[in-house]
Amino acid sequence: MNKIPRDFVNTFSIVGYDPVTKEHGVAVASKFLSVGSLAPYAKAGVGAIATQSWVNVDYGIKGLQLMESGLNAEEALQEVTKGDEKLSVRQVGFVDANGKSATFTGEECFDWAGGIAGENFACQGNILVDENTVKAMSETFQKTEGTLATRLVKALLAGEEAGGDSRGKQSASLLVVKENGGYGGYTDRYIDLRVDDHQEPVVELQRLLHLHQLYFERTLPEDVVPVEGELKQQLANKLRKLDYLKSDNATDEELFEAIYSFHLIENFDERVQEKGFVDLKVVEFINEFAERED
């Protein structure tokens, strides 16, 4: 058996596009330290790329430049791989601004290696248990509902459950971009989560995505409720337990101030509501937080 070089990024990944939200993203997992620092590339309005196996970062950097100049995914892939002396050991997936996709696996990538490209996605992997990993990712991405981030992570989980990297697990990452999607609207980096070294990196990535959605997604109108009746007493008890309220007989104004302080200290800035109202997802978090203090 051939020895696997240490600079191979042996992994499985999926690049995707949501034509409704115009988001592009990459989800990747590997038995490799900090795969998120090497494999994923994406730019809002342009496309997404996952480069792996014997990583060539130019595939990501130049690939995005080529798609931004007007080339589609397949054309950009063909152009960026020209003249690459190590093409036979490369693996890469592209999806462009219109959802067209392409995937490439060099003939010398270690088995099992291959990929599937379809409308709005491309998934690929090498040194996998078998082809079921990329099949599971492909099928899951296409049938799953929800945000692009949710679909990408669920596809990654399905790939891992179907076999995944034959050498084991170590890191995973999720990158999703959209115009002005970054914090404060200053960049396109909407979601950038990395699990660099973990026994269950994909499961941990899913947990981090849940937290990101909790902290940064805007409140749904149906989740906004008045602070009154039983809920009012419940919040007072929990916030007192968490030391946000000092008095056993707090006034409404003191309670509302405690709720506001909790939002700011626990990073729920995006879910602050008009005085006298609260987001049910924040209520759920307060309850869970208070239970952990028992």
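What counts and what doesn't
Residues numbered from 1 in each chain as written. Predicted model: local features only at pLDDT ≥ 70, side-chain atom pairs only at ≥ 80, totals over all residues. Heavy atoms only, no water. Helix = DSSP H or I, 4+ residues; strand = E, 2+ residues; numbered from the N terminus. Buried < 20%, exposed > 50% of the residue type's maximum accessible area, 1.4 Å probe, protein only. Contact = heavy atoms within 4.5 Å. Areas by Shrake-Rupley, 256 points an atom, 1.4 Å probe, with all protein chains shown as cover. Lys, Arg positive; Asp, Glu negative; His and termini not counted. Charge placed at Lys NZ, Arg CZ, Asp CG, Glu CD. 1 Å grid on protein atoms, 1.4 Å probe; cavity = no way out; pocket = protein on both sides within 12 Å on 5 of 7 lines; lining within 4 Å. Points joined across faces, edges and corners; volume = space filled by probe spheres on them. Nonpolar A, V, L, I, M, F, W, Y, C, P; charged D, E, K, R; others polar. Core = buried A, V, L, I, M, F, W, Y, C linked by side-chain atoms within 4.5 Å. Pairing = 2+ DSSP bridges. Axes fitted to C-alpha atoms, helices over the stretch in contact; angles between N-to-C directions. Phe/Tyr/Trp six-rings, centres within 6.5 Å; stacked < 30°, edge-to-face > 60°.

(A) Main features of the overall build of the chain. Helix and strand counts for the chain come out as eight helices and 13 strands. Counting only C-alpha atoms, the chain reaches 75 × 40 × 30 Å along its principal axes. Within the chain, the fraction of its 294 residues that count as buried is 52%. Counting only contacts in the chain whose residues sit at least 6 apart along the sequence, the fraction spanning at least 24 positions is 55%. Entry remark: accessible area of the chain is about 14400 Å², with carbon and sulfur atoms responsible for 47%. For the chain, the distance from the average position of its 30 positive side-chain charges to the average position of its 50 negative side-chain charges is 3 Å.

(B) Highlighting the layout of surface pockets. Its boundaries defined by the atoms lining it, the largest pocket holds a volume of some 780 Å³. In terms of lining, the largest pocket is formed by 35 residues, of which the most central are His 212, Gln 213, Phe 216, Glu 217 and Arg 218. Breaking the lining of the largest pocket down by element, the ones donating at least two residues are helix H4 (148–161), strand E11 (189–195), helix H5 (201–216) and helix H8 (280–292). Counting residues per element, the lining of the largest pocket draws most heavily on H5, which supplies seven residues. Considering only residue class, the lining of the largest pocket consists of twelve nonpolar, ten polar and 13 charged.

(C) Structural view of the nonpolar core. Core analysis: the biggest nonpolar cluster contains 27 residues, and Ile 14 and Leu 174 have the highest contact counts within it. Every element with two or more residues in this core is listed here: strand E2 (11–18), strand E3 (23–30), strand E9 (121–125), helix H3 (132–143), H4, strand E10 (171–177), E11 and H5. The biggest single contributor to this core is H4, with seven residues. Of all hydrophobic cores here, the second largest spans 24 residues; its members include Leu 255, Ile 259, Phe 262 and Ile 286.

(D) Geometry of the pairing of strand E8 (residues 114–118). Here E8 runs beside E9; their pairing, made up of five bridges, is antiparallel. Note on E9: the bridge partner recorded for Gly 118 is Phe 121. What sits between the antiparallel neighbours E8 and E9 is a turn of two residues, in which Asn 120 has the positive phi angle 75°.

(E) Representation of the sheet that holds E10. The antiparallel open sheet is built from six strands, whose spatial order is E8-E9-E2-E3-E10-E11. Looking at strand neighbours, the two that pair on one side only are E8 and E11, the edges of this open sheet. Along the sheet, successive strands turn relative to each other by an average axial angle of 5°, direction set aside. The strands touched by H5 within the sheet are E3, E10 and E11, with E11 carrying the most contacts at an inclination of about 145°.

(F) Region of the structure containing the packing of aromatic side chains. Under the counting rule described, the total for this entry stands at eleven aromatic pairs. Ring geometry for Tyr 183 versus Phe 216: centroids 6.2 Å apart, planes at 80°, classification edge-to-face. With Tyr 183 in the loop between E10 and E11 and Phe 216 in helix H5, the pair connects residues that are 33 residues apart, well separated along the chain. On the basis of relative accessibility, which here comes to 38%, the residue Phe 216 falls in the partly exposed class. Summarising the aromatic geometry, the rings of Phe 268 and Phe 285 are spaced 5.0 Å apart at their centres and angled 70° between planes, so their arrangement reads as edge-to-face. Placement of Phe 268 in the loop between helix H7 (252–265) and strand E13 (277–279) and of Phe 285 in helix H8 is noted, with a sequence separation of 17 residues between them. Per residue, the accessibility class of Phe 268 equals that of Phe 285, and both read buried. Taken together, Tyr 183, Tyr 215, Phe 216, Tyr 244, Phe 262, Phe 268, Phe 285 and Phe 289 form an aromatic cluster joined through their ring pairs.

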